[in-house]
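Reading the structure
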Amino acid sequence: MLILRMSTFPILVGIWLLTISMGSGVALAELPVSPHDAPPTGFQKVNGIDLGQFRVTGEIFETIRSTNNLLQDSQSIDDTVSLTTLELGLAGKLGNFLITASGKAIFKRPLDRDDKKAHETDYWLQGQYYFNEGFNLAARHEIDDDEVEASLAGQINGFTNTSVLTESYIVRSDYSAGSYYTIFTGSWVDVDTTVDIESAFFTQLLNLDRVETTLANETGRKVGGINLYAKLVASQIDYRGTSSAVPQDRDSDGGAIAFGTRRLFGPVRAEIEAGYVMRKFDVSAIRDYETFLGHVDLRWPLDDSNSVHFKVQRLFLETSIVNSPGLIGTEAIVSYRHIFQPGLYADIAFIRDNVDTVDIRNDIVSFAIEGEIHYAATDALSLRLSGSHAEQNADLSSLDVDETRFEFSLHYAF
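Parameters at a glance
Residues numbered from 1 in each chain as written. Predicted model: local features only at pLDDT ≥ 70, side-chain atom pairs only at ≥ 80, totals over all residues. Heavy atoms only, no water. Helix = DSSP H or I, 4+ residues; strand = E, 2+ residues; numbered from the N terminus. Contact = heavy atoms within 4.5 Å. Areas by Shrake-Rupley, 256 points an atom, 1.4 Å probe, with all protein chains shown as cover. Patch = residues over 30% accessible without salt bridge, like charges linked within 9 Å, V, L, I, M, F, W, Y side chains within 5 Å. Salt bridge = Lys/Arg side-chain N within 4 Å of Asp/Glu carboxyl O. Polar contact = N/O pair within 3.5 Å; in protein donor to acceptor, adjacent residues only side chain to side chain. Buried < 20%, exposed > 50% of the residue type's maximum accessible area, 1.4 Å probe, protein only. Core = buried A, V, L, I, M, F, W, Y, C linked by side-chain atoms within 4.5 Å. pLDDT = per-residue confidence, 0-100. Pairing = 2+ DSSP bridges. Phe/Tyr/Trp six-rings, centres within 6.5 Å; stacked < 30°, edge-to-face > 60°. Lys, Arg positive; Asp, Glu negative; His and termini not counted.

**Considering the overall build of the chain**
Counting its secondary structure elements, the chain contains 3 helices and 19 strands. Excluding contacts between residues fewer than 6 apart, the proportion of contacts in the chain whose partners are at least 24 apart in sequence is 57%. Of the roughly 20600 Å² of accessible surface on the chain, 60% is carried by carbon and sulfur atoms.

Laid out in structure tokens, this is it:
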């Protein structure tokens, strides 16, 4: 799956999906892995260092990224940076108890300027206990610290100084009996944000800390290649902070219900889901909000060398924008992968976003195309070359984007 960090919508949706993504990493996959979920043959990780009951693995990425942004005044800004990523993982098993842990650090250094330095650190520890074949329990703790330091010359991506610290706790239980299963997930996320940004839109969006509590359940039935399920979600968001730009009493409660199916149509792996979400706000300036959401996700291995991924989704994200419940948007992704030979493959993706700030005129429409080539020189060393172009138009001109980006990466694993 291609990752594109170019527009407001992916950034916002990434925040909204943080809790769900951490919870979903606990359970085993329910359907066979598609070609877009994992690197093809020739890109396996090496075995790591054996410590008896535990094993240590490591990864090192070195990336050179060149970005050209065309600003609203037709001024072009070039930005070339070095991105160094270091990651260590630990996994072990004591009887039925599985322990996994990881630590990751990312360092961003400009190569042609003395500003816009950034770093990110991420630590997590997870324990999972298998009581029997039908029941297991898992808990996870994660700390994610992102910090960017930049002068006003660093207008690329719209940020000057930003710091976000996220602490998360996830508890998840999976139970199955025959073809029936149920998954309970509880999460608590504490987000502390410090912002020094010139853009009024981003100031309103990010200047409040928040605590999110979410309880969710998915219950379904799996028969052969078909899985029918229902989801129930209840959540509470408590905002904190002293900013006068945003109503302070905008705490909210909400819930969602969704029905869907995961199934195989011949070789095509499909997930289709439709749901309804509602949120109630404590502050009278923001109306209670409800809407229908859903997605269609199709993954199709055409043959041993070619595969296609197609996804359309409609999402709602609560934010701290003045007098607005948040953002509603649709996203369409089409990507194609071709494997030339073991150890060499290429991806290309087209992405289209349409985002609207609820009750406030601020439509954002963006389009992006990205291509990547991956080559595994050895089991431990791989190379990646990618290029992308993104265009974004918004009612608020400071969010307009016309960006071209190239990246070259070396990846070493042990």
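Still to come is the rest of the account.
**Here we look at a nonpolar patch on the surface**
On the surface, a nonpolar cluster with roughly 760 Å² of combined accessible area is contributed by Ile 60, Leu 86, Phe 107, Ile 373, Leu 381, Leu 385, Phe 408, Leu 410 and Tyr 412. Of all the secondary-structure elements, those providing two or more residues to the nonpolar patch are β18 (381–394) and β19 (401–413). Of all the elements, β19 adds the most residues to the nonpolar patch, at 3 residues. Take Leu 385: it is sitting in strand β18.

**Let's talk about the side chain of Arg 299**
Considering the arrangement of structural elements, one finds Arg 299 in strand β13 (residues 289–301). A polar atom in the side chain of Arg 299 sits 3.4 Å from the side chain of Asp 297.

**A short note on the pattern of salt bridges**
If you walk through the whole model with that rule in mind, you get 17 salt bridges. Residue Arg 140 is joined to Glu 142 by a salt bridge in which the shortest nitrogen-to-oxygen separation is 3.3 Å. Residue Glu 218 pairs with Arg 262 through a salt bridge whose shortest N-O separation is 2.9 Å. Of the two residues, Glu 218 sits in strand β9 (residues 209–223) while Arg 262 sits in strand β11 (residues 252–265), which places them 44 residues apart along the sequence. We note that Glu 218, like Arg 262, is buried. A network of salt bridges, in which partner residues are shared, links Arg 65, Glu 372, Arg 384 and Glu 407.

**Some points on the nonpolar core**
Membership of the largest hydrophobic core is limited to 6 residues, which are Val 277, Tyr 289, Leu 293, Phe 316, Ile 328 and Val 358. Not counting the four nearest positions on each side in its chain, Val 358 is found in contact with Arg 287, Tyr 289, Ser 324, Pro 325, Gly 326, Leu 327 and Ile 328. Counting residues in each nonpolar core, the second largest holds 5 residues, with Ile 321, Leu 327, Val 355 and Ile 364 among its members.

**So, the confidence of the model for the chain**
Within the chain, residue pLDDT values average 82, and 79% of them lie at 70 or more. Below pLDDT 50 for its whole length, residues 1–33 participates in 80 contacts with residues either more than four positions away or in separate chains. Scored below 50 in pLDDT, residues 200–205 makes 18 contacts in the model with residues more than four places away or belonging to other chains.

**What about the pairing of strand β10 (residues 226–240)?**
When β9 meets β10, the two strands line up antiparallel, connected through 15 bridges. Looking at β10, one finds that Lys 222 is bridged to Asn 227. The antiparallel pairing of β9 with β10 creates a hairpin that spans 2 residues between the two strands, and Gly 224 there sits at a positive phi of about 60 degrees. In this structure, β10 lies alongside β11, joined through 12 bridges in antiparallel fashion. Its bridge partner being in β11, Ala 234 is matched across the sheet by Gly 255.

**Thoughts on the packing of aromatic side chains**
Scanning all chains against the criterion turns up 6 aromatic pairs. Ring geometry for Phe 131 and Phe 135: centres 4.8 Å apart, planes at 25 degrees, overall stacked. You can call Phe 135 partly exposed: its relative accessible area is 26%. Ring plane angle 45 degrees and centroid distance 5.7 Å describe the contact between Tyr 169 and Trp 188, whose orientation is recorded as tilted. Highlighted residues: Tyr 169 in strand β7 (residues 161–177) and Trp 188 in strand β8 (residues 180–196), separated in sequence by 19 residues.

**Re unusual backbone geometry**
One non-glycine residue, Asp 359, adopts positive backbone phi at about 70 degrees. Relative to the helices and strands, Asp 359 resides in the loop between β16 (344–357) and β17 (363–376). Among the residues examined, Asp 359 registers a relative accessible area of 46% and is labelled partly exposed.

**Remarks on the environment of Glu 290**
For Glu 290, the location among the structural elements is in strand β13. Spatially, the C-alpha atoms of Glu 290 and Lys 280 are 8.8 Å apart, while their sequence positions differ by 10 residues. In contact with Glu 290, not counting residues within four places along its chain, are Tyr 276, Val 277 and Met 278. Within the local environment of Glu 290, its side chain forms a polar contact with the side chain of Tyr 276, the two groups lying 2.6 Å apart.

**Overview of the side chain of Asp 144**
Within the secondary structure, Asp 144 sits in strand β6 (residues 135–149). Although Asp 144 is buried, it forms no salt bridge, and the closest oppositely charged side chain is Lys 104 at an N-O distance of 7.4 Å. Here Asp 144 is in contact with Glu 120, Thr 121, Asp 122, Val 164, Leu 165 and Thr 166, once residues within four sequence places are set aside.

**Comments concerning the pairing of β16**
Here 14 bridges tie strand β15 (residues 326–341) to β16, and the two strands are oriented antiparallel to one another. The partner of Leu 327 across the bridge, within β16, is Thr 357. One ladder, built from 13 bridges, connects β16 with β17; its direction is antiparallel. Bridging across to β17, Val 355 finds its partner in Ile 364. Hairpin geometry of β16 and β17 is characterised by an intervening segment of 5 residues between the two adjacent antiparallel strands and by a positive phi of about 70 degrees at Asp 359.

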